[in-house]
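# Report on the structure
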Amino acid sequence: MARRFTALVGRPPMAYLTWWRLTFAATLPRDTADPPATIARRVGYGTPYAFSHAFDREFGTTPGRYRDRAQGAA
């Protein structure tokens, strides 16, 4: 199943799940005033640190800086 998923989607299942969770999480700092800990729990991360680290790996910035940039652009 994992090989077929990767062939169809272009990412392995866990990489896709991580990408999807972080893409959804990226909308939350722009659209809510929720702190990173709340966003982390909402998208399935056990700790704000794990969420922040994964977010930084995916987007090259922390959730707080991402929010600041998004609010500055608005």
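Residues numbered from 1 in each chain as written. Predicted model: local features only at pLDDT ≥ 70, side-chain atom pairs only at ≥ 80, totals over all residues. Heavy atoms only, no water.

So, about the overall build of the protein. Scanning the protein from N- to C-terminus turns up five helices and zero strands. For the C-alpha atoms alone, the extent of the protein along its principal axes is close to 40 × 25 × 20 Å. Within the protein, buried positions represent 23% of all 74 residues. The long-range fraction of contacts in the protein, counting pairs at least 24 apart against all pairs at least 6 apart in sequence, stands at 39%. In the form shown here, the protein has an accessible surface area of approximately 5,100 Å², with 58% of it arising from carbon and sulfur atoms. Here the protein contributes 11 positive and 5 negative side-chain charges, whose respective centroids are spaced 9 Å apart. (Helix = DSSP H or I, 4+ residues; strand = E, 2+ residues; numbered from the N terminus. Buried < 20%, exposed > 50% of the residue type's maximum accessible area, 1.4 Å probe, protein only. Contact = heavy atoms within 4.5 Å. Areas by Shrake-Rupley, 256 points an atom, 1.4 Å probe, with all protein chains shown as cover. Lys, Arg positive; Asp, Glu negative; His and termini not counted. Charge placed at Lys NZ, Arg CZ, Asp CG, Glu CD.)

Let us now look at helix α5 (residues 63-73). Three- or four-residue spacings in an α-helix give side chains the same orientation, since the helix completes a turn every 3.6 residues. Of the residues making up α5, those classed as buried are Pro63, Tyr66 and Arg67. Around the axis of α5, the buried residues are gathered within 100° of arc, so they sit on the same side. α5 presents Arg65, Asp68, Arg69 and Gly72 as exposed residues on the side facing more than 90 degrees away from its buried surface. Against the buried residues of α5 lie α2 (13-31), α3 (36-42) and α4 (48-59). (Arc of directions from axis to C-beta.)

Their axes nearest at 8 Å, the elements α2 and α5 cross at an angle of 55°. As far as their axial angle goes, α5 and α2 are oblique. By crossing handedness, the relation of α2 to α5 is classed as right-handed. For the pair formed by α2 and α5, the contact residues are Ala26, Leu28, Pro29 and Arg30 on the first element and Pro63, Tyr66, Arg67 and Ala70 on the second. Of the residues contributing to the contact of α2 with α5, the split by class is six nonpolar, no polar and two charged. (Axes fitted to C-alpha atoms, helices over the stretch in contact; angles between N-to-C directions. Parallel < 35°, antiparallel > 145°, perpendicular 65-115°, else oblique. Left-handed = near helix turned anticlockwise from the far one by under 90°. Nonpolar A, V, L, I, M, F, W, Y, C, P; charged D, E, K, R; others polar.)

With that settled, the discussion passes to the environment of Ala26. Of note, Ala26 is situated in helix α2. The spatial distance from the C-alpha of Ala26 to the C-alpha of Ala40 is 11 Å, given a sequence separation of 14 residues. Residues in contact with Ala26, not counting those within four places in the same chain, are Phe55, Phe59 and Tyr66.

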